[in-house]
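Spelled out, the chains give:
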Amino acid sequence: MDRPSAVHVIGAGLAGSEAAHQIAAAGTPVVLHEMRPLRSTEAHKTDGFAELVCSNSFRSDDWENNAVGLLHEELRRAGSLIMAAADVHKLPAGGALAVDRDAFSAEVTARLSANPLVTIARGELEGLPPEDWKNVVVATGPLTSPSLSAALAQLTGEDSLAFFDAIAPVIHRDSIDTSISWFQSRYDKAGPAGTGADYLNCPMSKDEYEAFIDALLAGEKTTFKEWEASTPYFDGCLPVEVMAERGRETLRFGPMKPVGLDDPRTGRWPYAVVQLRQDNALATLWNMVGFQTKLKHAEQVRIFRMIPGLQNAEFARLGGLHRNTYLNSPKLLDRSLRLKAMPRLRFAGQITGVEGYIESAAIGLLAGRFAAAEATGMTCDAPPPTTALGALLNHITGGHIVSDDGERGAARSFQPMNINYGLLPDLDANPTHDKSGQRLKGPERGREKKRIMSRRAIADLMSWLGEASLAKRTA
């Protein structure tokens, strides 16, 4: 059998490093392109691969009770380089997986540099990859170089590439109190895909609204990094606290306007209302409409739980506002992460719309496997949606609900997301008893549900990995 042509991977962050490792592990040569140190970014300090530019924590390592830990375990079983290096250089951090960032980066760099199937090419890629590169993984991260960003924007359309990331919180549906909130669209209007009851509405009295505004104004905010500070706000995505600073009634005539919404408990419009919109196809996650924010995470939890109906809210994602570059992936990418407008380009990591170190590595692993299969004339099926890997892939390539109700900015509703149980399909029936037959009470029901979903994910992952190995052996 002829040796397959080399796959080009652009960017040696966590996603690019993982993609290169997976391609080489499949017996396919790979050229790994990294612009540092010839050109650096505002965030990077070294020329090492997989440099951790923020925290040194990969978050929880508890695979049975935490979705991040589940993703760790899936990556380990799939032969992840990033997880192997993290396990070698882990530091004491309780239930979390934290690493010595310098030793971790050096480990990844050394392993890839020593791999005979990996060629390291230092230098910046100007614009799109050359046309004779037929199989490319773009893993350039949230700080993609200006020249490549401009080329991608021109190729995909300016509205398909975000340069400033305004994120609204997302809440687990089963933590929202529907004895207070109710389903209704404004004036019962049904959009193209709606029923007229497409939003969850959380009402506020005048006193509750005034207390909420006071808390927003006094809440502790995050500050921009120096290199982000010059990026202006978009008028369509102002942080809620900035709107509140412009006048105490601003929110009540903006995202919290109560018109056309009848509180079933009173039969009248409330003084103000917070609306939540379905965020994923599974209807397990709902986002707070118009609630992008600079509040610190602990403040978000405290203040947003002041909203009637959200007093027990569990957040799948908290809000934020920072400079970022990511694709409108549900519109632009196919199920194997290829750009529909130019299928020779495949994308991985944060540029696809995932958040977090380990999520970026996970998409790098999938992109690498897809690219290696293509290079050898094979196919690689996507992992099952019941796995953390499959759930992330599903979110960025089609599981996200794109609003089409005509609201300003609604067409650009796809937002980066960390892995969480809300991205996985729900169980056919929620657990009511433990293994011994004892009835589960309160929070223990939720913990047992997570354990069952995690065990299901690992079983389905192992079947997927076995099928992939069988296909490789029989090809």
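Residues numbered from 1 in each chain as written. Predicted model: local features only at pLDDT ≥ 70, side-chain atom pairs only at ≥ 80, totals over all residues. Heavy atoms only, no water.

Caption draft 1: Representation of the environment of R173 within the structure. Counting through the fold element by element, R173 comes out in the loop between strand 9 (170-172) and strand 10 (182-183). Residue classification places R173 among the partly exposed positions, given a relative accessible area of 25%. Along the sequence, R173 and N287 sit 114 residues apart, while their C-alpha atoms lie 9.5 Å from each other. Leaving out residues up to four positions away in the same chain, R173 has contacts with T178, F183, L200, A283, T284 and W286. (Helix = DSSP H or I, 4+ residues; strand = E, 2+ residues; numbered from the N terminus. Buried < 20%, exposed > 50% of the residue type's maximum accessible area, 1.4 Å probe, protein only. Contact = heavy atoms within 4.5 Å.)

Caption draft 2: Broad picture of the pairing of strand 12 (residues 272-278). With respect to burial, strand 12 is a largely interior element, six of its seven residues being buried. When strand 11 (residues 199-204) meets strand 12, the two strands line up antiparallel, connected through six bridges. Bridge pairing in strand 12 links Y199 to R277. Between strand 12 and the antiparallel strand that follows it, strand 13 (residues 285-288), lie six residues; A283 among them carries a positive phi value of about 65 degrees. (Pairing = 2+ DSSP bridges.)

Caption draft 3: Looking closely at the sheet that holds strand 10. As summarised here, the arrangement of the six strands in space is 10-11-12-13-9-14, forming an open sheet in which the pairing is antiparallel. The open sheet terminates on both sides in strands that have one partner only, identified here as strand 10 and strand 14 (315-317). The pairing of strand 10 with strand 11 spans two bridges and is classified as antiparallel. Pairing of W182 across the sheet is with N201, part of strand 11. Here helix 6 (residues 206-218) sits on the sheet in contact with strand 11 and strand 12, set at roughly 95 degrees to strand 11. (Axes fitted to C-alpha atoms, helices over the stretch in contact; angles between N-to-C directions.)

Caption draft 4: Molecular detail of the packing of helix 10 (residues 357-375) against helix 11 (residues 388-399). Look at helix 10 against helix 11: their axes get within 10 Å of each other, and the N-to-C directions meet at 85 degrees. One way to sum up the angle between helix 10 and helix 11 is to call them roughly perpendicular. On helix 11, the residues that touch E359, A362, I363, L366 and F370 of helix 10 are L389, L392, L393 and I396. When the residues that make up the contact of helix 10 with helix 11 are grouped by side-chain class, the tally is eight nonpolar, no polar and one charged. (Parallel < 35°, antiparallel > 145°, perpendicular 65-115°, else oblique. Nonpolar A, V, L, I, M, F, W, Y, C, P; charged D, E, K, R; others polar.)

Caption draft 5: Quick look at the nonpolar core. F58, F104 and I419 are the most contacted members of the largest nonpolar core, which totals 87 residues. Per element, the largest residue contribution to this core is 11 residues, and it comes from helix 10. Of all hydrophobic cores here, the second largest spans 30 residues; its members include A215, V242, A272 and I303. (Core = buried A, V, L, I, M, F, W, Y, C linked by side-chain atoms within 4.5 Å.)

Caption draft 6: Representation of the packing of aromatic side chains. Counted by the stated rule, this structure contains eight aromatic pairs. Aromatic side chains F58 and F104 sit 5.6 Å apart centroid to centroid with 85 degrees between the ring planes, which places their arrangement in the edge-to-face category. Of this pair, F58 sits in strand 3 (residues 57-60) while F104 sits in helix 4 (residues 101-114), placing them 46 residues apart in sequence. As far as burial versus exposure is concerned, F58 and F104 are alike and both buried. Through successive ring pairs, a cluster of aromatic residues spans F58, F104 and Y357. For R252, the ring lying beneath its charged end belongs to Y271, and the centroid distance is 3.9 Å. (Phe/Tyr/Trp six-rings, centres within 6.5 Å; stacked < 30°, edge-to-face > 60°. Lys NZ or Arg CZ within 6 Å of the ring centre and 35° of its normal.)

Caption draft 7: Fine view of the pattern of salt bridges. Taken as a whole and assessed by the stated rule, the structure comprises 23 salt bridges. Between E299 and R302 there is a salt bridge; the shortest N-O distance is 3.0 Å. Here R302 and E299 lie together in helix 8 (residues 297-304), a separation of three residues that amounts to about one turn. Here the salt bridges do not stand alone but share partners, grouping E64, E444, R447, E448, R451 and R455 into one network. (Salt bridge = Lys/Arg side-chain N within 4 Å of Asp/Glu carboxyl O.)

Caption draft 8: Just the environment of A367, in detail. Residue position: A367 is located in helix 10. The spacing of A367 and V136 is 231 residues in sequence and 9.7 Å in space, taken between C-alpha atoms. When sequence neighbours within four positions are dropped, the list of residues in contact with A367 reads V137, L337, R346, F347 and A348.

Caption draft 9: Layout of unusual backbone geometry. Not every positive phi belongs to a glycine, and A50 is a case in point at roughly 55 degrees. Not every positive phi belongs to a glycine, and D188 is a case in point at roughly 60 degrees. Counting through the fold element by element, D188 comes out in the loop between strand 10 and strand 11.

Caption draft 10: Inspection of the pairing of strand 5 (residues 96-99) at higher detail. Note that strand 3 and strand 5 share two bridges and pair antiparallel. Bridge pairing in strand 5 places S60 opposite A96. Strand direction decides the pairing type here: strand 4 (residues 90-91) and strand 5, joined by two bridges, are antiparallel. By the bridge assignment for strand 5, K90 is matched with V99.

Caption draft 11: Representation of helix 5 (residues 146-156) in the model. For helix 5, every residue scored as buried is listed here: L148, S149, A151, L152, A153 and T156. The first or second residue beyond helix 5 is G157, which carries a positive phi of 105 degrees.

Caption draft 12: Representation of the side chain of Q22. Counting through the fold element by element, Q22 comes out in helix 1 (residues 14-25). Only 2.9 Å separates the side chain of Q22 from the side chain of E18, close enough to count as a polar contact. In this structure, Q22 is in contact with A78, G79, S80, L365, G368 and R369, ignoring residues within four places of it in sequence. (Polar contact = N/O pair within 3.5 Å; in protein donor to acceptor, adjacent residues only side chain to side chain.)

Caption draft 13: Structural detail: the packing of helix 2 (residues 67-77) against helix 11. Remark: helix 2 packs on helix 11, axes separated minimally by 8 Å, with the N-to-C direction vectors making an angle of 110 degrees. The angle between the axes of helix 2 and helix 11 places the two elements in the roughly perpendicular class. Here L70, L71, E74 and L75 of helix 2 come into contact with helix 11, specifically with A388, L389 and L392. For the contact of helix 2 with helix 11, the per-class residue count stands at six nonpolar, no polar and one charged.

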